Amino acid sequence: MGKAILINLFKTYLFSVLVSIAGLSIMHAINQTGNFSEALPKICIAALFLNGILVMMASPSMILSYPSMWEKAPVRLFLYFAGPLAFVLTALTMPLSHKDIVAYLMIGGIFFVVHAVFYSKLSKWRKSNPNL
């Protein structure tokens, strides 16, 4: 079970980074804040870095590899989603510019949605393999 959760975290990171780069690029194009070829490396680094923070904040989900922890639905949801939710709430309370807050919330939201998709797949897989 622990291996499946670790693979899910890795997949979440990859998909979230790709979608975050696309989202930040679209946001940059909408705001028209300069040359895109100069901004693209910064966008990629920001997506890699912020999604890395989100993966670290979601790492307590590895505790769910213990069957006794997986059985308790409130504990399971807390361990799986508390880190990304804390990131989003922190982004809302930080004294940043409006554009930065929107970027942080977009990346946090993208990560949260991708993480939720992999959680639903993991739950279905766990129901079909109860002995693991």
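Before any of the text, the structure's been laid out above.
Residues numbered from 1 in each chain as written. Predicted model: local features only at pLDDT ≥ 70, side-chain atom pairs only at ≥ 80, totals over all residues. Heavy atoms only, no water.

**Q** Looking at this structure, how should I read the nonpolar core?
**A** Nonpolar side chains tend toward joint burial in soluble globular proteins. Ranked by size, the top nonpolar core spans 14 residues in total, and within it Leu24, Leu54, Ile107 and Phe111 carry the most contacts. Elements supplying a minimum of two residues to this core: α1 (2–31), α2 (36–58) and α5 (98–128). Among the elements that take part in this core, α2 stands out by supplying seven residues, more than any other. Leaving out residues up to four positions away in the same chain, Leu24 has contacts with Ile43, Ala47, Ala103, Met106 and Ile107. Judged by nonpolar contacts, the second largest core, of twelve residues, contains Leu79, Tyr80, Phe118 and Leu122. (Core = buried A, V, L, I, M, F, W, Y, C linked by side-chain atoms within 4.5 Å. Buried < 20%, exposed > 50% of the residue type's maximum accessible area, 1.4 Å probe, protein only. Helix = DSSP H or I, 4+ residues; strand = E, 2+ residues; numbered from the N terminus. Contact = heavy atoms within 4.5 Å.)

**Q** What is the right way to read the side chain of Ser61 from this model?
**A** Mapping Ser61 onto the fold places it in the loop between α2 and α3 (67–70). Of note is the side chain of Ser61, whose polar atom sits 2.8 Å from the backbone oxygen of Ala58. (Polar contact = N/O pair within 3.5 Å; in protein donor to acceptor, adjacent residues only side chain to side chain.)

**Q** Got a minute to help me understand the packing of α1 against α2 in this structure?
**A** A packed helix pair is summarised by two numbers, namely the angle formed by the two axes and the spacing between the axes. Close contact between α1 and α2 brings their axes to 9 Å; oriented N to C, the two are set at 145°. Between α1 and α2 lies a crossing whose hand is right-handed. Here α1 contributes Leu9, Tyr13, Ser16, Val17, Ser20, Ile21, Leu24, Ser25 and His28 to the contact with α2, which in turn contributes Phe36, Ala39, Leu40, Ile43, Cys44, Ala47, Leu48, Asn51, Gly52, Val55 and Ala58. When grouped by side-chain class, the residues that make up the contact of α1 with α2 number 14 nonpolar, six polar and no charged. (Axes fitted to C-alpha atoms, helices over the stretch in contact; angles between N-to-C directions. Left-handed = near helix turned anticlockwise from the far one by under 90°. Nonpolar A, V, L, I, M, F, W, Y, C, P; charged D, E, K, R; others polar.)

**Q** Which parts of the structure should I look at to understand α2?
**A** Each turn of an α-helix holds 3.6 residues, which means side chains three or four residues apart point in the same direction. The first and last C-alpha atoms of α2 sit 31 Å apart over 23 residues, in line with the 33 Å expected at 1.5 Å per residue. Buried within α2 are the following residues: Ala39, Ile43, Ala47, Leu50, Asn51, Gly52, Leu54, Val55 and Ala58. In this structure, the buried side of α2 is in contact with α1, α4 (73–93) and α5. (Expected span 1.5 Å × (residues − 1).)

**Q** Where do I start with a positive patch on the surface in this structure?
**A** Positive charge collects at one region of the surface, where Lys11, Lys121, Lys124 and Lys127 lie side by side. Top contributing element to the positive patch by residue count: α5, with three residues. (Patch = residues over 30% accessible without salt bridge, like charges linked within 9 Å, V, L, I, M, F, W, Y side chains within 5 Å. Areas by Shrake-Rupley, 256 points an atom, 1.4 Å probe, with all protein chains shown as cover. Salt bridge = Lys/Arg side-chain N within 4 Å of Asp/Glu carboxyl O. Lys, Arg positive; Asp, Glu negative; His and termini not counted. Charge placed at Lys NZ, Arg CZ, Asp CG, Glu CD.)

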